[in-house]
Structures are given as C-alpha cells and as structure tokens.
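# Coordinates in review
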Amino acid sequence: MAVEFPEEEKLLMQKVAKIFDEARASRIRKLKELSALRSSTSLAQFFAAFTKTLTPVFTSQRRTASVERIVQFVVIFVCTRDPNNSEDYDAFFEQFLRFLITGTTAASRTSRFRACQIISEIIMRLPDDAEVSDDLWDEVIDCVKVRVGDKVPVVRTFSVRALSRFANDAENSDILELLLETLPSEQNPDVRKTILLSLPPSNATSTAIINCTLDVSEAVRKTAYFVLASKFPLQSLSIKQRTIILKRGLADRSAAVTKECLKLMKDEWLMKSCDGDPIELLKYLDVETYESIGVSVMEALLKAGLVKLHGGQSIKEFLSSDSNTTEGSCTQLVDAEVALYLRTLCKHLQTEAQAKGSDAAMTSGTEAAVYASEASDSNELLEKILPESVSEYIELIKAHIVAGQTNRFVARQLLLLGSMLDFSDATNRKVAAVFVLDLLNCPLQHEIDDDGNKVVIGDGISLGGEPDWADAVSGLAKRVHATPGEFEEVVLGVVAELARPCRERTADFLDWMHCLSVIGLLLENTKSFRWMHGKAIEPAELLHSLLLPGAKHIHLDVQRAAIRCLGLFGILERNLTEVLIKQLRLSFVKGPSLVSSMASKALMDLATWHGPQEVDKAMNQSLSSQFQDHAKTIHPVDWSDTNEDLNIELIDLLYAGFDRNDFSKPGDADESESVHAVLAEGFAKFLLLSENYPSISVSSHPILLAKLINLYFSRKTAEWQRLKQCLSVFFEHYPSLSKCICKAFLPVMRSMWPGIDGSTGGSNVTLSNRRKHAIQASRFMLQMLQAPLYPKEIDQPDENVNKNSPEQLHDPTNSSNNFDFGEEGLAICIASEVLSFQKKKTAAERSYVSAISKILVLLRFRPPEQGAIKLMRRLMNRVAESVSADKEIVKEVKRMAEHLKALDGSPDEPLPAEQANLLLEKLDVELNIDDDESSSLEVEPTPLPPKASRPVRGRRRARQEVESSCSSDEDETLQQIVVPTTNPSVRSQRASKSAALSKLASSNKPVKINDDDEDEDEDEESEVTSEDDSD
C-alpha cells in the first residue's frame, strides 16, 4: 500500500527529486538551487522531504552510475557550508548525520552499505576547520567502528575508509588498534586493501604492512608495496625490513607485484633517497649480512638498465702509484658495497658479451655485425673495470686478507672476479699459482676464550671457516689450473705437506681441521679418483692415514670434518670400502648429536648415490632387516648394544634414529644439524624416487610415510622452518607417486593420539593440543588421499571392459586390484579399527574412535568396487553400535549406509563370507566377519507399564508388521530397529521414573541402521522412552 504524503510535502519532494535528476548536467548550479530551496522552507519540512526523496538510494543494491552520481551530489551538498545561513546548515548537517547513524544499524544490508558509504564520503570531503560537535563525532565514530565487524564486506570497506581519517589522531588510538587487530583476521581482500591504505606511517604499522607482502591475494601484496613506497621513506625502515621487502618483492610469483616492488626500489629508494647511485642504495642494505639480497638488487637494476658506469668507477682506482713507498704502489681498501657492485657488474658484462657473441656466431650479415659490436663494447667495458695485470689483482686481494677478518667479505668478492681474468699467459699463471698455494696453506682463524682455549672462527669444516670462501678459492684454483689433473695434483701436494704433522702426531686440532678442510675442498671439486692416482698421496693412503684416524679423534670438530670427508670419499668410490661404512655407522650410533648428524648426512648421501643395497653389501656380513621381513611394526633398536646396530641393514639403522630423543635437538647454528631433520629429508627422497631404489621394500613405504607425517605435526619440529618447507613440498608431490597413504593412516593416528598404543598422557591442555594435532593430521592425510592424480598416474581403463555396465555393477567380485590403496580400503581398515575396541572404552579410546569415524564418513566409494561396497555395508551396523554415544556421527554413518546401498548394484544379495575374508586378507585386516550377524539380534526394550495418555497409532502397528515379515532375511546387513508396541493404559509417575533410570543404565544398547527412511519425528512418545534419546 502506497504511503500518502501531504500535498505541500509532496511538492517539495518533487522539487528535490528534479534537482537530483538534473544534477548530472550542471552540478554547481543545482547545488545553489538546492541551497536556495533549503533556505526558503522550514528546516523540518526540507529535511523530511530531502530524506524521503533520498530513501530509494538506500534500497538500490546495484552500484549504477546514476545512483553513485546522486550519492556524490548529496555528499557535496551536505559538506558545502552556506555562510549566509550557518545556523540552518549546522542544524541540517547534524540531523542528516544522525539519520545516517540510524541507517548503519538497519536490518537491510543495502541500507547499511549506503549509510556507511555516505558517512565515509562526508568524512573524507569535510574540511579540517568544519565546526562539528565532539559528541556528534563520537557517535559517528562509535557506530562506524561497530560496522567494521559487519558481515557484509562492502559495509566493512566503507567503515574502514570512514575511520582512516582518524587513524592518525593520537586521541583516537583505539581506531588504529582496531584496524591492526582486524587486518590479520579479515577474509575479504578488498577490505584488507582498504585497511592498508588507511594505516598511517609508524613503527607499529610498518610491521603489519610488511607482513601483507606475503598475502595470498595479489592485489593486497601490490597495495602493500604501494603503501610502503608512498608513506615510508627508506631511512625510516630498519635494515632487516628493507631486505625483507626486496627479497619478497623481487621473488614474487606475480609480475605485477614484482613491477610494483621495482617501482618502489627505483623511484623512491634509488632516485629520491640515493640520488640514483646504486652503491649508495647497497649501503642501506648491509650487503655483508644480506649478500643474496644485494646481488638480487643489482641484477634487477642491471636488467632494467638503471646502472650506468661512471668515469673512474673501477678496480683500477684502488690501485695508484706512490713513489714514497718501497714497493712502488699502494693499495686502497675497497668498501663492501663497491666490491659487490663491481663483482655483479663484471659478471653481467661478461654474460652479456658471451650472449652477444653467441648470437653473432649464429647469424650473418648486418645482424651479426651488430651483435659482434655489442659484444665488443661489453668486453671493452669489462677491461676498463678489471685491473690491467694479474699481479695488481693479487696484491689487492692480499691487502684485504692482511687487513683482518672485517675485510674478508671484500676479499671473497675480489676472489670471485678471478673467473673473468685471463690466465693463458705463463707469467700470469705462475703468479696466480703461487697465490693459490698461499690460500690453501693459510691456517684457520681462531681466537682464545676466557679459559685460554682455542676456538675456531667459522664452521670448522670448510677452508677459511666459510663454505663461500672455500667455493671462491676452489673456483680461482680451477681457473688457474685448468689442465685435467693439474688441480688435483696441486691440492694433493698441499695435503701431503699438511698431513705430515698429523701422521707424526704432533698436530693439534687446528692443524687437523685445516688439513681436512683442504681434503674436503679437493673431494668436492674432483670428478674421479682417476685424476688422483700417481700424485703426492694416493686415495687409499688418504683414507687410512687421515680420514679414518680423524673420525676417531678426541676433538668433536675434527670428527665432524673427517666424517664429512668420508662421505665425499665414498661418493667418489665405485666399490664402497668396508672400513669406511663401518666407521660411518659407528659414528652415527655412538657419536654425539653433532657427529651423528654429520654421519647421517654421509650415510644418506651414500645410500642415495650408490643405493642402500650397495652400502649393506660393503659390510661383507649377513644383515637382518625388519623391513625386508614385511613387519607391520618396527621394534626399536637397543642403542646400548654396539653389535646390534652392526647386524641390521642401513635403512633399519637410519629409521631407528627417529627413536632417539637426543637426535631431535638441533645444532646451535642451524636446525638442519638435527639428526631427525637429516633423516626426514633423506627418507622423503627415497619415497619420492622409490622406483630408483627397488631394494627398499614396498611394505616399508607406509611405515616411512607415517614417521614423516608424525614428524611434520610434532611439537618438537614446530620451529624447524627448513624441514617444514621440505616436507610440505614432499607431501604436495607424493600422492601422485605412491598409493600407500591409506596404510599409513591408522599407524599415524594411533601413534599421535594420547592414551592409544601406550602413549603417555599429560595435563588437560597437553592432551587437548595432542588431539588437535592428530585431527589435523587425519584431515591432512585425507586431503592427500583425495587429491587428483596427474594424468600419467591415472590407470587407463580397458576398452574391452565396461565397468559401469549392469553386469559389472551387479557382480560382487568386481573389485580392482588396487582397491586396497584407495579410499575403499581405508574405509574398511578404519571400520575394523573401530570394531577392534571393546564396548566399554576408556575416555581416550572413545575420543579416538570418534575422530577416525569422522574421517570414515568422508571417504568415497567408486561404483565398480562392488565387493568393497558390500563388505562395508556388512560392517556398518557394528560401526554405528560402536559410536552410538555420539548422535552426530551415528547420523553420518546412517547417511553413509544409505549411500552405499544406492551404490550397491544388487542390494538384496549379501556378500559371501568367503569373498569377504579374501578382501580382508588382501587388506591385511584380522576381523571376524561373522560377528555382524550376531549384531542383528533384536534389543529387548525396557518394560514399561501400559499408558493410556494416548493410543498407539495404526501406522506404528503397520510398520511393525512389515518389520516382522522381513525378519526372516538374516543375511541382510543393514537391518531395522524393532520397536514393539505397548497396550494403551495409564502410566504412573513411579513407572516413568523407573523407566528413565532403566534407560540410563542401558545406554550401551546396540544401534541398528534402517535401510528404509522412517519419519521418526512422527513418534510422539515421551522423551524418556524415545528410541532416539536412548542413545
């Protein structure tokens, strides 16, 4: 029914509507007309007509151009103050804001959206000197803060936009706290973008904005870089924040985000803050600590063409003649940023020259000439940067080495330049060879602690204490000694000299570590023992006189270095040496955590390279294996018995390392030093590449997978980011390569669930957390199992056999050979696991059965698997009985039973016991299939006195007759619940109480699943005697 307005008000509404409609043509003129109309009428009449005319806007869901134009016109009109009628304007402004406040609490989402939209536009357009009462502003802010939690995303967006003007106000600090609290939990990307744009620059907001550079939404990540560029100068961010921003932005998977990061780095940081000088930009990034970030920045700038070589900016400027010195020249020390800049620039020029030269060789004519000219230009530019002679280059490096540890970074950058120098001249090669010998003979740096003991600086296993330094030295050495076998001859000569005090037992642990570091450098960079024969020291002598004694040294760092070399030595061997394998196994078992970690790496590498069977074969003795015996459970190894570990195969020995608690402790410097992390990465490789390792029994794959899943969800590895990343990549690819996830499901759940398999309990909080982790693991495994396979992994159907034909569907023997690897096999295993517990369960068993039953009802059956479907139908009654305490699960089990009946091609034909036992035997499940027949026995109801309150309906009696007529079919698996009728009579209060107590006492009554859909809601019995509530 239409609302009737007074004639005068209707006329005024028409005038306002006409102004709204014509506002698109001339906005300024119409604003004056509307202001004149407000001045010519009373405020109450105008406000009523204005708001009623505006009401259709609050009901328009679509954001059309005409509606948005009216909204903008209204906002401009409300914010335009009339100096001639200031009192009327203030009154109208206050009334309109209160009208909008009322609209923000409306039940209609469209009304709330329009009210918040107009409020936000008014707040953004209102001048700073606007006179608005504090009470009114407080009301507006309070109502908008409430709308930040609205269920409609667009309402939240405009609410945040309205609050953005107050976020930087110190008096309204609660607004900033609200935005920072809302940002991490906000689900809508548009709202997150609006929050980012609303945050003011501060120390509190910078962290939140930088965290958004990892947002799942590309638009949000792009907005985060835009906000950082527009609100945060380079100097306001810490070094770590700058490197995080560039590391994430330059490596982002989205080209748009990378472009925005480059824009930030180029326009704001490089041009504005560093005056276009890339070296100055590198000074803000601490390249000595974050070298990889500095290299990425330089590569991005070089690729974008933002680096220009200025006059005198080369290595030559650090080499100047000085007649006052006895040597004839003095060397200036190079800054770390300049060294990195020159190294990346030279590498870029060399790569560019090689690429242009290759293009010139592949083409002809003018195009080839152009490419050749560009290559020549790059080479000329490279020659201007590099020193003129090798002697000057070496003198520059020596000056930085002598300057101390603080200049080690610059020396390494200069060493890397050696790959771009020409050593074809004999004189240059001779000078460089002497310098290489000096680098190899340079002892490890050390310091003296408070107790007077020597402490090695660095990792203690690499030359110079750093893997990067060792790589730089080896790169220069191979460049100088490029002839085949020459590099090995030079390094072995150095080893022979360093090994003399070790053989004579006059060397301290520093001498041992220096010698072993040079040996490690040699073994890492040589390709075969062929180049080591006939040199200063033979490989066999190297093994027996240095590596094996070093592995038995009293100092742990010497042991670690020697074991690392043993692993490298074994990779180069064609036939593994018995003493080498025995020493690695002994160090793994008996050594401390750090030594065992290095030994586990060596054993894993040898098993990966040669194969586990070759490693076991090198032992030259008979070894036992629980995996080869197809054991369902692996018994732990007695670590106190030295002989036991030497009589089992390598895979068993490494797997037993998971049982040692001291192996789970990471090293002081790196989490990868943990033995558990090393073993997890190694076994993940074995499973991914299982086709390459046939000696590893297929039956062991579920056991290994279960251990990896346990480790992934363990509390001990919560902070091991490297292991988490490794296993996450493994799990992402493993379902497409293996089909043993279903066999690992129950072992994982039993081991993770507290109170099952003898696992210890704990406090209530601990038990709750362990259950949560187990439930997460169960859902994770279900996700892996149901993940779609790659096309090559999907079995190709037989064209001659149509498994979906009626004949195939009705055949109970129609089951694929791999049903036990699918969801059907897992469902049957879970059902048998549920039935393995007694009726009287402990609290832990009840929660465990409930958890795995929730996974059971989520599993899917394929129609061709008729045997598995019939077997599962046969078990459903007993499953429902076992979980009868949880009504929600019982309902889900009933739904699953109905679905299985629909999938059954012949629901009236039961599965013969012989076929059921064959299926269970294939799944390696021990279950008495005849038990489900006994479960169909009728449950005697609690005797109740006759009641006369209402007669039993005829429908109930008819249903009972149908049930009795079908009771002769004992082979039917899913049977109905028999509910006897009672004679109508009077029921006393005493009888009702007795019945209630009897019902509570018989709560363990079996539950049956109905095949027919019955409307239980029509049974209007008492709550005490209801069949549904008796559970």
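Thresholds, definitions, all that
- Residues numbered from 1 in each chain as written.
- Predicted model: local features only at pLDDT ≥ 70, side-chain atom pairs only at ≥ 80, totals over all residues.
- Heavy atoms only, no water.
- UniProt positions renumbered as here; feature names shortened; annotations may be inferred.
- Helix = DSSP H or I, 4+ residues; strand = E, 2+ residues; numbered from the N terminus.
- Expected span 1.5 Å × (residues − 1).
- Buried < 20%, exposed > 50% of the residue type's maximum accessible area, 1.4 Å probe, protein only.
- Polar contact = N/O pair within 3.5 Å; in protein donor to acceptor, adjacent residues only side chain to side chain.
- Contact = heavy atoms within 4.5 Å.
- Axes fitted to C-alpha atoms, helices over the stretch in contact; angles between N-to-C directions.
- Parallel < 35°, antiparallel > 145°, perpendicular 65-115°, else oblique.
- Left-handed = near helix turned anticlockwise from the far one by under 90°.
- Nonpolar A, V, L, I, M, F, W, Y, C, P; charged D, E, K, R; others polar.
- Core = buried A, V, L, I, M, F, W, Y, C linked by side-chain atoms within 4.5 Å.
- Salt bridge = Lys/Arg side-chain N within 4 Å of Asp/Glu carboxyl O.

Per an unreviewed UniProt entry, the protein goes by Nuclear condensin complex subunit 3 C-terminal domain-containing protein and derives from Cynara cardunculus var. scolymus. The record in UniProt for the protein states the following under Subcellular location (unreviewed entry): "Chromosome". Per UniProt, the comment on the protein under Sequence similarities (unreviewed entry) is "Belongs to the CND3 (condensin subunit 3) family."

### Topic: helix 6 (residues 109–125)
For helix 6, with 17 residues, the first-to-last C-alpha span of 24 Å sits near the 24 Å given by 1.5 Å per residue. Of all 17 residues in helix 6, 14 are buried; the element is thus mostly enclosed. Residue Ser 108 occupies the N-cap position of helix 6, its side-chain oxygen lying 3.4 Å from the main-chain nitrogen of Thr 110.

### Considerations on the side chain of Glu 186
Take Glu 186: it is sitting in the loop between helix 9 (173–185) and helix 10 (189–198). A polar contact is formed between the side chain of Glu 186 and the backbone nitrogen of Asn 188, at a distance of 2.9 Å. Once residues lying within four places of it in the same chain are set aside, the contact partners of Glu 186 are Arg 156, Val 191 and Arg 192.

### Quick look at the packing of helix 33 (residues 701–712) against helix 35 (residues 741–752)
Running from N to C, helix 33 and helix 35 point in directions that differ by 45 degrees, and their axes come no closer than 8 Å. With respect to helix 35, the element helix 33 is oriented oblique. Judged by the sense of rotation from one axis to the other, the crossing of helix 33 with helix 35 is right-handed. Residue-level inspection shows Pro 702, Leu 705, Ala 706, Ile 709 and Asn 710 of helix 33 in contact with helix 35, the latter providing Ile 741, Lys 743, Ala 744, Pro 747, Val 748, Ser 751 and Met 752. A class-by-class count of the residues in the contact of helix 33 with helix 35 yields nine nonpolar, two polar and one charged.

### Side note on the side chain of Ser 850
Tracing the backbone through its elements, the reader meets Ser 850 in helix 39 (residues 843–856). Classification of Ser 850 by relative accessible area gives buried; the value is 16%. Dropping the residues within four chain positions of it, Ser 850 is found in contact with Asp 886 and Ile 889.

### Some points on the environment of Ala 372
Tracing the chain through its elements places Ala 372 in helix 18 (residues 365–385). Through-space distance from the C-alpha of Ala 372 to that of Ala 360 is 5.5 Å; in sequence the pair is twelve residues apart.

### A closer look at the nonpolar core
With 295 residues, the main nonpolar core has Phe 50 and Phe 683 as its most contacted residues. If you tally residues by element for this core, the top one is helix 24 (residues 509–525), at eleven residues. Beyond its immediate sequence surroundings of up to four residues, Phe 50 is in contact with Val 16, Phe 20, Leu 34, Val 74, Phe 77, Phe 92 and Phe 96. By size, the runner-up hydrophobic cluster in this structure holds five residues, among which are Phe 113, Val 152, Val 155 and Phe 158.

### Overview of the packing of helix 3 (residues 43–54) against helix 5 (residues 86–103)
One can describe the packing of helix 3 onto helix 5 by two numbers: an axis separation of 11 Å at closest approach and a directional angle of 40 degrees. By the angle class used here, helix 3 and helix 5 are oblique. In terms of crossing hand, the pair formed by helix 3 and helix 5 is right-handed. Counted together, Leu 43, Phe 46, Phe 47, Phe 50, Thr 51 and Leu 54 of helix 3 and Asp 88, Ala 91, Phe 92, Gln 95, Phe 96 and Phe 99 of helix 5 form the full contact between these two elements. Looking at the contact of helix 3 with helix 5 residue by residue, the class counts come to nine nonpolar, two polar and one charged.

### Quick look at the pattern of salt bridges
One pass over the structure, following the stated rule, counts 33 salt bridges. The shortest N-O distance in the salt bridge between Glu 94 and Arg 98 comes to 3.2 Å. Here the residue Glu 94 and the residue Arg 98 both occupy positions in helix 5, the gap between them amounting to four residues, near one helical turn. Owing to a relative accessible area of 33%, Arg 98 belongs among the partly exposed residues under this scheme.

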